[in-house]
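Chain by chain, the residues:
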Amino acid sequence: MEIMLAIVSIVVLAVLLLYVGLRFGFPSIVSFIIIGMVVGPFGLGLITDQTVIDTIGEIGIVLLLFTIGLEFSFQTILRSWRAVLIGGIVQVCTTIVAITGITLAFDMPFNEALIFGFIVSLSSTAIVMKILQEKGEVDTVQGRTLLGILIFQDLAIIPMMLALPLLSGNEGGINLSAVPFQLTKIALIILVIIVLAYWVIPRFLFRVAKERSRELFLFTIAGICILIAWLTSEAGLSFTLGAFIGGLIIGESDYNIDALGHIIPFRDVFAAIFFLSIGMLLNTATVLANWEYVALIIVGIIVVKIITGAFSAAILGMPMRICVFCGLALAQIGEFSFVLAKSGLDAGVIQEAVYQLFLAGAIVTMILTPFAMLASPTVVDLLYRLFPNRIAREKNLSPEEMSPGGAISNHIIIAGYGITGKSVARAATLAGIPYTVIEINPEIIRQERSHYRPNFIFGDAVQEEVLLHAGIMQAKTFVVAVSEEEAIPRIIHTARQLSPDVHILARTRHVRNAQHLLDLGADEVISEEFEAALEIFTRALRRYQIPEDEINRIIQRTKKMGNALFTRCTDPEQHNKLKNFETLFKATHIHTVQVEAGSAADGKTVGELDLKERYGIREFGFRRGTLKFIQPEPEERLQPGDTLVFFVTDEKASTLIPIFSAPGK
């Protein structure tokens, strides 16, 4: 009965806190930790058995780490090797050194200080990537940079977990006598991973997959996870590390997608179980009694990680905006940090009181992460105002290799050299129009710049100095094709202030952003959402076998109406008309109507219906039987079963449908 009460309480609290968390932008991880605090022995006491709590946590973390390992791809690591190796190593190592030094200054034993360096160096992949996915910025420069650093952090858990036995049982230092044994163990584990990943597991999974049994495949995957976790535990290592390695091995096989398909539905449950157990271990009385230390820990973590995160991005050659964003995004404690902290507590290296203070600080840093990432543009703007000459110090190509702003005029400036930027540059080359590219990714600059294409500038188009160097005052057209949505409004605003005459074309994902960009100074906005809708609309009409010329006529009319929404209008009266049209345009849909026997339209000619005068409908599709849709002649007499397709508002359709419906309907 007590178990059922605990389960019901957890479910009810989960629903309530997850809802509140979503409303205020809190990560779900934080909500689960708070639920654990409430139901645990230091809260309402619904679950007080420490063995149960430990078991729940162990099951949760094993399955969570297994799914994280499954999602890893060594191909992804190779594609982003600079961010993974250089950025990741710099961020992790500098954080470890800084935190170890700070904790040693507070008279903490070296082994405990080093473990806290390990713990703080890791950030939350789940929180950061979820926020980037919601903002649509995973495939941006800052998204790829963060992903590379987070990948290295997640891989760094392996040597960190292996180092824990070296730091336990030896107060104030490292157990050097165990180093050769641990190094041998690391080498053997790497060898086992390679053998299993490339020879054993793929062949075994092939035989299992041939049976085409979902149950067999699922239990095989789970069995591999549990077996490897048990083997690593028997070898004296952590079973959680074994689960992560098991995920890595299966993730490199041809069956990783199918395995993910079976496991992913349970991933959030696994994560919830683990973080619930973490919350149950938090003693709120200890935290409240030492609130000043908790505040000091929070400030220390945030300051150190902002500095080391920004520094690691700067080492990669990123400009200030990306560096600040990376620093703010990484300024929290990660999922693996809890694993390390719990292992350190179990090994007796970390004291219980210190562990409680760490848990409280970790929760707060997680809560602050969404707000810190949201505040990044404001922080960058403030820094640009405080340090206006920063551009002179940005890591850049040699000035003589870059196009001076005054060397060309009437040129095109292209901000962002992705697919859109490359297409514009290629068209400008074919047309013989000079152009200058502003790109924030130093790798693209090195790859694309050549003797024949020297006009590439490394920098952030948000900065006035970068735009001036690109010749914004002399340019005829400015194309904003950057992938970071939050940077587009600031680029447009800065460019319009510098050059009132330049024609600004901006790309955005969503229609809802168009008017804001036009108000900031863009002359034209191209919406990916609108263009995709037109293409889908065109293909939908073709499914009705409407003639191509009719489709083109409808599409051109739709484009003409839509383009009015995406072009700057300086006439207030016309602007109000466009607002009214926007409401009308969003309410316009395709409506298919069939002539029913006995209806008002039955037996009448198209001309007698007078659709143009009565309803303002000039064009519509008409089909009889197996014939293709056509534009009927006015003399065409309607028969039961004839089908008509209108592109009108829902309101107008409601007045049209009764004409074609049988009496009484």
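All values derive from a computational prediction rather than experimental measurement.

Asks: What's the story with the overall build of the protein in this structure? I'm lost.
Replies: Check the secondary structure of the protein and you find 29 helices and nine strands. When each of the 665 residues of the protein is scored for burial, the buried share is 49%. In the protein, once contacts between residues fewer than 6 apart in sequence are set aside, the share between residues at least 24 apart is 72%. If you sum the accessible surface of the protein, you get close to 32300 Å²; carbon and sulfur atoms cover 63% of it.

Asks: What should I look at first to understand the nonpolar core in this one?
Replies: Looking at soluble globular proteins, one finds that nonpolar side chains tend to be buried together. Among the nonpolar cores identified, the biggest contains 118 residues, and Ile250, Phe275, Phe338, Leu340, Tyr355 and Phe358 are the most heavily contacted of them. With 15 residues, the single largest contributor to this core is helix α8 (residues 141–167). Val380, Ala415, Val480 and Val482 belong to the second-largest nonpolar core, a separate cluster that totals 36 residues.

Asks: Would you mind going over helix α15 (residues 320–329) with me for this structure?
Replies: Given 3.6 residues per helical turn, the α-helix brings residues three or four places apart onto the same face. With respect to burial, α15 is a largely interior element, ten of its ten residues being buried. Among the residues of α15, Met320, Arg321, Ile322, Cys323, Val324, Phe325, Cys326, Gly327, Leu328 and Ala329 are the ones counted as buried.

Asks: What is the right way to read the sheet that holds strand β2 (residues 435–439) from this model?
Replies: Strand pairing in a sheet takes place through backbone hydrogen bonds and is either antiparallel or parallel in direction. Reading across from one edge, β3-β2-β1-β4-β5-β6 is the order of the six strands in this open sheet, with parallel pairing throughout. A single partner strand is all that each edge strand has here, and the edge strands are β3 (456–458) and β6 (524–527). On average, adjacent strands in this sheet sit at an angle of 15 degrees to one another, irrespective of strand direction. In terms of strand pairing, β2 meets β3 through three bridges, oriented parallel. Bridge assignment links valine 437 to a residue of β3, and that residue is phenylalanine 456. Docked against the sheet, helix α19 (residues 419–431) engages β1 (412–415), β2, β4 (477–480) and β5 (503–508), running at close to 160 degrees with respect to β1. Sitting on the sheet, helix α24 (residues 528–543) touches β5 and β6, and the angle it makes with β6 is about 55 degrees.

About the thresholds
- Residues numbered from 1 in each chain as written.
- Predicted model: local features only at pLDDT ≥ 70, side-chain atom pairs only at ≥ 80, totals over all residues.
- Heavy atoms only, no water.
- Helix = DSSP H or I, 4+ residues; strand = E, 2+ residues; numbered from the N terminus.
- Buried < 20%, exposed > 50% of the residue type's maximum accessible area, 1.4 Å probe, protein only.
- Contact = heavy atoms within 4.5 Å.
- Areas by Shrake-Rupley, 256 points an atom, 1.4 Å probe, with all protein chains shown as cover.
- Core = buried A, V, L, I, M, F, W, Y, C linked by side-chain atoms within 4.5 Å.
- Pairing = 2+ DSSP bridges.
- Axes fitted to C-alpha atoms, helices over the stretch in contact; angles between N-to-C directions.

Read these as geometric descriptors, not functional statements.
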